[in-house]
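Reading the structure
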Amino acid sequence: MMAAAADGLGSIAMDTTRLNMSVTDPTAWATAMNNLGMVPVGLPGQQLVSGLPPPSTRERPPGCKTVFVGGLPENATEEIIQEVFEQCGDITAIRKSKKNFCHIRFAEEFMVDKAIYLSGYRMRLGSSTDKKDSGRLHVDFAQARDDFYEWECKQRMRAREERHRRKLEEDRLRPPSPPAIMHYSEHEAALLAEKLKDDSKFSEAITVLLSWIERGEVNRRSANQFYSMVQSANSHVRRLMNEKATHEQEMEEAKENFKNALTGILTQFEQIVAVFNASTRQKAWDHFSKAQRKNIDIWRKHSEELRNAQSEQLMGIRREEEMEMSDEETCDSPAKKMRVDESALAAQAYALKEENDSLRWQLDAYRNEVELLKQEKEQLFRTEENLTKDQQLQFLQQTLQGMQQQLLTIQEELNTKKSELEQAKEEQSHTQALLKVLQEQLKGTKELVETNGHSHEDTNEINVLTVALVNQDRENNIEKRSQGLKSEKEALLIGIISTFLHVHPFGANIEYLWSYMQQLDSKISANEIEMLLMRLPRMFKQEFTGVGATLEKRWKLCAFEGIKTT
């Protein structure tokens, strides 16, 4: 049998085909595989199968490198098996059983896939017809402990690599640790005090100061030093407020620039829409083709939508900047004017109350500082430091007296505003009572006229008399309510507004007037101008022009008319 295997080591054939070939001849091997409809195993650059489905196998174990080969001829040796299956790849071990099967372990996992496709072939040794020299091969996945152990080792290694990679990624993305805080000492405290005075090093120094205070480094010995550092930190408040004011000013300028640019864009949109509207007129519309008309119509609609969106955005910006005007201001009744005056007085009183509270808080702060200075004065000896502290104490006492005087003046102003508010309420109640009395008198006179049969002229005289009384009472209330100018600034504003309205005989709205006054004084508001104009009804009057959506409220100068009537 060994001689026959040496002469020609057998052949592999399917049941339906009777082919004999030498396993050692590569050309015969390739020809037989092609005739059977399969690509030869182990040939580089070619696939395993050519149109045939893979053989049925069991579920593949993880990391499988070992195959089970059954149906071997009884006379097949390990050399013959190795020569047949080494076409699939390097073989590391062959474990042959006494029965007709063996286990073959390959070097790599992909070699097992090649060996699986040999399942179903018939193997015959030489030209012998003996049953012991032939057999049908069955190749399937085998579950081996060595393969599973190597697969587990690889999985653990990959998990370690993944954990290491994640750790490196977390270390890369982790924010850097804050710098270490030095321990407190007198030398470090002196250096920190210098850093607190420097604007560029303030952020770093204030964190160190906070850490020291939280650690409990403040004691009787270091209290003065910490107080000086806290005072240095407090000195940066004004700088921060100034920076905030500059940023707010830049934001206002940016808003103004944005509004101006938006106005320019809206003007250009209006011009484009005007061009489209002119193109749709019959004089030019008849000369365009249907496709051109369709495109022009689409462009016109698109431009109008964009124009409307831009105008709505601009109107929204203007609404935010302007003061909200209530619907009650459209009526000229005395009762509603009294409500406006009451709301203005209440707003002023509330502002004065807030200012009073802030001054009281400042006063308490100054008192606390004075008490601290007194305590330090009692503890320390009469030295040069004590002399400077006495000067500070005198200065704080002077400022305290000034604040008290200012607080008294503000309280007096608050009392006057309250009295004015009460007087306005009394006047309102008085006018309402007078109106009720006049209405009752009017009803009585009408009943008398009906019973006595007076003429229509008598009733008209009565009505004229009642209206004259109401107008006289209204003028008296207006004269009582109108006050003189309180400051030189108001007189200057009245002169400028009078000159501006004199050159505008048709009047001007409050927004136009405010935009002109803002060029002279950027801090003035439209509400202040309107309140000043309402306080002088004999100099300025308010008129409504337009109809419907174009209704506009304008202020006019009526001082010369008042002089003529008087």
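Higher on the page you've got the structure.
Okay, so let's go over this structure. All values reported here derive from a predicted model rather than from experimental measurement.

Quick notes on the rules
- Residues numbered from 1 in each chain as written.
- Predicted model: local features only at pLDDT ≥ 70, side-chain atom pairs only at ≥ 80, totals over all residues.
- Heavy atoms only, no water.
- Axes fitted to C-alpha atoms, helices over the stretch in contact; angles between N-to-C directions.
- Helix = DSSP H or I, 4+ residues; strand = E, 2+ residues; numbered from the N terminus.
- Parallel < 35°, antiparallel > 145°, perpendicular 65-115°, else oblique.
- Left-handed = near helix turned anticlockwise from the far one by under 90°.
- Contact = heavy atoms within 4.5 Å.
- Nonpolar A, V, L, I, M, F, W, Y, C, P; charged D, E, K, R; others polar.
- Expected span 1.5 Å × (residues − 1).
- Buried < 20%, exposed > 50% of the residue type's maximum accessible area, 1.4 Å probe, protein only.
- 1 Å grid on protein atoms, 1.4 Å probe; cavity = no way out; pocket = protein on both sides within 12 Å on 5 of 7 lines; lining within 4 Å.
- Points joined across faces, edges and corners; volume = space filled by probe spheres on them.
- Pairing = 2+ DSSP bridges.
- Core = buried A, V, L, I, M, F, W, Y, C linked by side-chain atoms within 4.5 Å.
- Polar contact = N/O pair within 3.5 Å; in protein donor to acceptor, adjacent residues only side chain to side chain.
- Salt bridge = Lys/Arg side-chain N within 4 Å of Asp/Glu carboxyl O.
- Phe/Tyr/Trp six-rings, centres within 6.5 Å; stacked < 30°, edge-to-face > 60°.

Some words on the packing of helix 6 (residues 186–197) against helix 8 (residues 223–234)
Two elements in contact, helix 6 and helix 8, have axes separated by 9 Å at closest approach and are oriented at 15°. Between helix 6 and helix 8, the angle falls in the class roughly parallel. Once helix 6 is placed against helix 8, the crossing between them reads as left-handed. For the pair helix 6 and helix 8, the contacting residues are E186, A189, A190, L192, A193, L196 and K197 in the first and Q225, M229 and S232 in the second. Counted by class, the contact of helix 6 with helix 8 contains six nonpolar, two polar and two charged residues.

Some details on helix 7 (residues 202–215)
Under the 1.5 Å per step criterion, the end-to-end length of helix 7 is 20 Å for 14 residues, consistent within 8% with the ideal 20 Å. Buried residues of helix 7: F202, A205, V208, L209, S211 and W212, and no others. The elements touched by buried residues of helix 7 are helix 6, helix 8 and helix 9 (236–279). Positive phi appears at G216, one or two residues downstream of helix 7, with a value of about 90°.

Things to note about empty space enclosed by the protein
Inspection of the entire model under this criterion finds one cavity of 30 Å³ or more. Of the pockets and cavities examined, the largest cavity occupies roughly 40 Å³.

Focus on the pairing of strand 3 (residues 91–96)
Bridge count for strand 3 against strand 4 (residues 101–106) is five bridges, and the pairing is antiparallel. Bridged to A93 within strand 4 is R105. Linking strand 3 to strand 4, which pair antiparallel, is a turn of four residues.

Overview of the nonpolar core
In this structure, V67, V69, F85, I104 and F106 are the most contacted members of the largest nonpolar core, which totals 25 residues. Within the residue set of this core, elements represented by two or more residues are strand 2 (66–70), helix 3 (78–85), strand 3, strand 4, helix 4 (110–116) and strand 7 (138–141). Setting aside its immediate chain neighbours within four residues, I104 contacts K65, T66, V67, V69, I81, F85, I91, A93 and I94.

Describing the layout of surface pockets
Here the second largest pocket is characterised by a volume of approximately 1,100 Å³. Together, 23 residues line the second largest pocket, and E256, K259, E321, W514 and Q518 are the ones closest to its centre. Among the secondary structure elements, those contributing two or more residues to the lining of the second largest pocket are helix 9, helix 11 (290–321) and helix 16 (510–520). At eight residues, the largest contribution of residues to the lining of the second largest pocket is made by helix 9. Tallied by class, the residues present in the lining of the second largest pocket amount to six nonpolar, five polar and twelve charged.

Notes on the environment of T267
Among the secondary structure elements, T267 is positioned in helix 9. Each C-alpha atom of the pair T267 and R307 lies 9.0 Å from the other, and the pair is 40 residues apart in sequence.

Quick word on the side chain of D147
Looking at the element boundaries, D147 is found in helix 5 (residues 145–173). Since its relative accessible area comes to 2%, D147 is described here as buried. A polar side-chain atom of D147 sits 2.8 Å from a polar atom in the side chain of R105.

Describing the sheet that holds strand 7
Spatially, four strands are ordered 3-4-2-7 in an open sheet, and the strand pairing comes out antiparallel. Each edge of the open sheet carries a strand with a single partner, namely strand 3 and strand 7. With strand direction ignored, the average angle separating the axes of adjacent strands in the sheet is 20°. Along the sheet, helix 3 contacts strand 2, strand 3, strand 4 and strand 7; its crossing angle with strand 3, the most-contacted strand, is approximately 135°.

Considerations on the pattern of salt bridges
According to the stated counting rule, one finds 22 salt bridges in the structure shown. Residue K259 pairs with E256 through a salt bridge whose shortest N-O separation is 3.8 Å. Taken as a pair, K259 and E256 lie in helix 9 at a separation of three residues, close to a single helical turn. Judged by its relative accessible area of 15%, K259 is buried. Put simply, R307 and E270 hold a salt bridge, and the shortest N to O gap is 3.0 Å. Remark: E270 occurs in helix 9 and R307 occurs in helix 11; sequence separation between them is 37 residues. For R307, a relative accessible area of 15% puts it in the buried group.

Re the packing of helix 7 against helix 8
When two helices pack together, their arrangement is given by the angle between the helix axes and the distance between those axes. Where helix 7 contacts helix 8, the axes come no closer than 11 Å and their chain directions differ by 140°. By the criterion of interaxial angle, the relationship of helix 7 to helix 8 is oblique. Note that helix 7 runs across helix 8; the crossing there is left-handed. Counted together, F202, I206, L209, W212 and I213 of helix 7 and F226, M229, V230 and A233 of helix 8 form the full contact between these two elements. Residue classes in the contact of helix 7 with helix 8 are distributed as nine nonpolar, no polar and no charged.

Some points on the packing of aromatic side chains
Here a ring pair, both rings aromatic, is described through the centre-centre distance and the interplanar angle of the planes. Within this structure, the stated rule accounts for six aromatic pairs. Ring centres 5.5 Å apart and planes at 35° place the aromatic pair F68 and F101 in the tilted group. Separated by 33 residues along the polypeptide, F68 in strand 2 and F101 in strand 4 bring together distant segments of the chain. A centroid spacing of 5.4 Å and a plane angle of 70° characterise the contact between F500 and Y512, whose relative ring orientation is edge-to-face. Of the two residues, F500 is situated in helix 15 (residues 488–502) and Y512 in helix 16; the sequence distance between them amounts to twelve residues. When its relative accessible area of 40% is taken as the criterion, Y512 is described as partly exposed. Connected via pairs of aromatic rings, a cluster forms that spans Y184, W212 and F226.

Points about helix 11
Compared with the 46 Å implied by 1.5 Å per residue over 32 residues, the 47 Å span of helix 11 between its first and last C-alpha is a close match. For helix 11, the full list of buried residues reads I296, R300, S303, R307, Q310, L314, G316 and I317. Those residues of helix 11 hidden inside the fold are in contact with helix 9 and helix 10 (282–285).

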